[in-house]
Amino acid sequence: MKLCDLKFNKNAIIKDIKFTDNIKRRMYDLGFIPGEIISKEFSSFFNNPCCYKIKNMFIAIRNEDASLIEVDYE
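A quick note: this is a predicted structure, and the numbers were derived from the prediction, not measured.

Helices and strands together make up the secondary structure of the protein, namely 2 helices and 5 strands. The C-alpha atoms of the protein give a radius of gyration of 11 Å, which matches the 11 Å a tight globule of 74 residues would have. Dimensions of the protein along its principal axes, counting C-alpha atoms only, are 30 × 25 × 20 Å. Going through the 74 residues of the protein one by one, you find that 28% of them count as buried. Restricting to contacts in the protein with at least 6 residues of sequence separation, those with at least 24 account for 59%. Split by element, the accessible area of the protein, about 4,700 Å² in all, is 51% carbon and sulfur.

All right, on to the environment of I54 then. Considering the arrangement of structural elements, one finds I54 in strand β3 (residues 50-54). Ignoring any residue separated from it by four or fewer positions in sequence, one finds I54 in contact with I14, L30, G31, F32, E36, I37, I38 and I59.

The next thing to look at is the pairing of β3. In terms of burial, β3 is a largely internal element, 4 of the 5 residues being buried. Judged from the 5 bridges that link them, strand β2 (residues 37-43) and β3 form a sheet pairing that is antiparallel. Its bridge partner lying in β3, S39 is registered against K53. Between β2 and β3, which pair antiparallel and follow one another directly, the connecting turn spans 6 residues, one of which, N47, has a positive phi of 65 degrees. Pairing of β3 with strand β4 (residues 57-61) involves 5 bridges; the strand directions are antiparallel. By the bridge assignment for β4, Y52 is matched with I59.

Summing up the model confidence of the protein, the mean pLDDT is 91 and the portion of residues at 70 or higher is 100%. Ranking the elements of the protein by mean pLDDT puts helix α1 (residues 21-30) last with 89 and β3 first with 95.

Okay, the pairing of β2 next. Sheet analysis places strand β1 (residues 11-17) next to β2, joined by 3 bridges and oriented antiparallel. Each residue of the ladder has a partner; that of N11, found in β2, is S39.

What counts as what
- Residues numbered from 1 in each chain as written.
- Predicted model: local features only at pLDDT ≥ 70, side-chain atom pairs only at ≥ 80, totals over all residues.
- Heavy atoms only, no water.
- Helix = DSSP H or I, 4+ residues; strand = E, 2+ residues; numbered from the N terminus.
- Rg over C-alpha atoms; globule rule 2.2 N^0.38 Å.
- Buried < 20%, exposed > 50% of the residue type's maximum accessible area, 1.4 Å probe, protein only.
- Contact = heavy atoms within 4.5 Å.
- Areas by Shrake-Rupley, 256 points an atom, 1.4 Å probe, with all protein chains shown as cover.
- Pairing = 2+ DSSP bridges.
- pLDDT = per-residue confidence, 0-100.

Here it is, written out as structure tokens:
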């Protein structure tokens, strides 16, 4: 399943990140590492971007980018 399809306040585990190398490195630096637990917490008025909680941090990501991150429910 894609990260953008995650239900609110449900935990999931990151399985794969399908960005190019430069952006993938930046996502790793932000904590988006395969095996980490992530949850969708908030969304903007038009549901884009959405705010995700990972490693006790809140990070907003556009749905276009969240669709490149594969997750699976815990």
